[in-house]
Amino acid sequence: SIGSSFGLLERNAARFGGYYSETMQIPGSSSFNLYQPGPGCKATDNVAVGHVDPTQIDGNGFIVDLSSNPVTLRGNVASGCAGAGICLTQSAGCTVEGNELLDCGRAIKIAANGGTITGNVFSGSRIEHVHTAGFLAGQAALDRNTYGTGVPLVHDSYDSSRIYISVAQLRSLGRELEGTGP
């Protein structure tokens, strides 16, 4: 909830629970919404499965939205979500570590700087694994992640530029020095 400090969202499951928020207000646009959280909030060891949004804009497994306080997302699983497994919207400095993001539209969508994105597994994404929307250079770390095949690894724009299809390309940018994948 808004302004909650040192909150811990732990060991919860949300399965097939959502539809696009414009047509159905509850449960909202994502399985787990961390909207304007206070300092010290964490989401660990949760499961989000099958959150639906026909526009593929929302329908996220987890979203950190409009946060001036970094949030930690660790050990979570998002599978079969129409949008992103994890979405960071105007929420700088978040840590996304050790999550499994499987068969979502995107594994992670990032619209903020300063994130630490490490040790995650991205597989079966339908659009791309990581969408950084021009924020790739501003991330504190993007490393030790494992990428599946079949889609671009990172898309760092809203057009057809800055699309990276291999770990070698990311290494040339100083990213994914220990990452694995195509």
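Remember, predicted model here, so these are calculated numbers, not experimental data. (Residues numbered from 1 in each chain as written. Predicted model: local features only at pLDDT ≥ 70, side-chain atom pairs only at ≥ 80, totals over all residues. Heavy atoms only, no water.)

Our focus in this paragraph is the environment of Leu 142. Checked against the element boundaries, Leu 142 lands in strand β16 (residues 141–143). Using a relative accessible area of 4% as the deciding quantity, one classes Leu 142 as buried. For the pair Leu 142 and Thr 118, spaced 24 residues apart in sequence, the C-alpha separation works out to 5.8 Å. Residues in contact with Leu 142, not counting those within four places in the same chain, are Ile 117, Leu 136, Tyr 147, Val 154, Arg 175 and Glu 176. (Helix = DSSP H or I, 4+ residues; strand = E, 2+ residues; numbered from the N terminus. Buried < 20%, exposed > 50% of the residue type's maximum accessible area, 1.4 Å probe, protein only. Contact = heavy atoms within 4.5 Å.)

This brings us to the confidence of the model for the protein. Overall, the predicted model of the protein reaches an average pLDDT of 90, with 89% of residues at or above 70. Confidence drops under a pLDDT of 50 for residues 19–24, and excluding neighbours within four residues, the segment shows eleven contacts in the predicted structure. (pLDDT = per-residue confidence, 0-100.)

Let's shift gears to the sheet that holds strand β19 (residues 163–164). The seven strands lie next to each other as β3-β6-β9-β12-β15-β18-β19, forming an open sheet whose pairing is mixed. Among the strands making up the open sheet, the edge pair consists of β3 (30–35) and β19. (Pairing = 2+ DSSP bridges.)

Turning our eyes to something else, we now look at the side chain of His 155. Along the chain, His 155 turns up in strand β18 (residues 154–155). Among the residues examined, His 155 registers a relative accessible area of 11% and is labelled buried. In this structure the side chain of His 155 is engaged in a polar contact, spanning 3.1 Å, whose partner is the backbone oxygen of Ser 157. Beyond its immediate sequence surroundings of up to four residues, His 155 is in contact with Glu 128, Val 130, His 131, Thr 132, Ala 133, Ser 161, Arg 162 and Ile 163. (Polar contact = N/O pair within 3.5 Å; in protein donor to acceptor, adjacent residues only side chain to side chain.)

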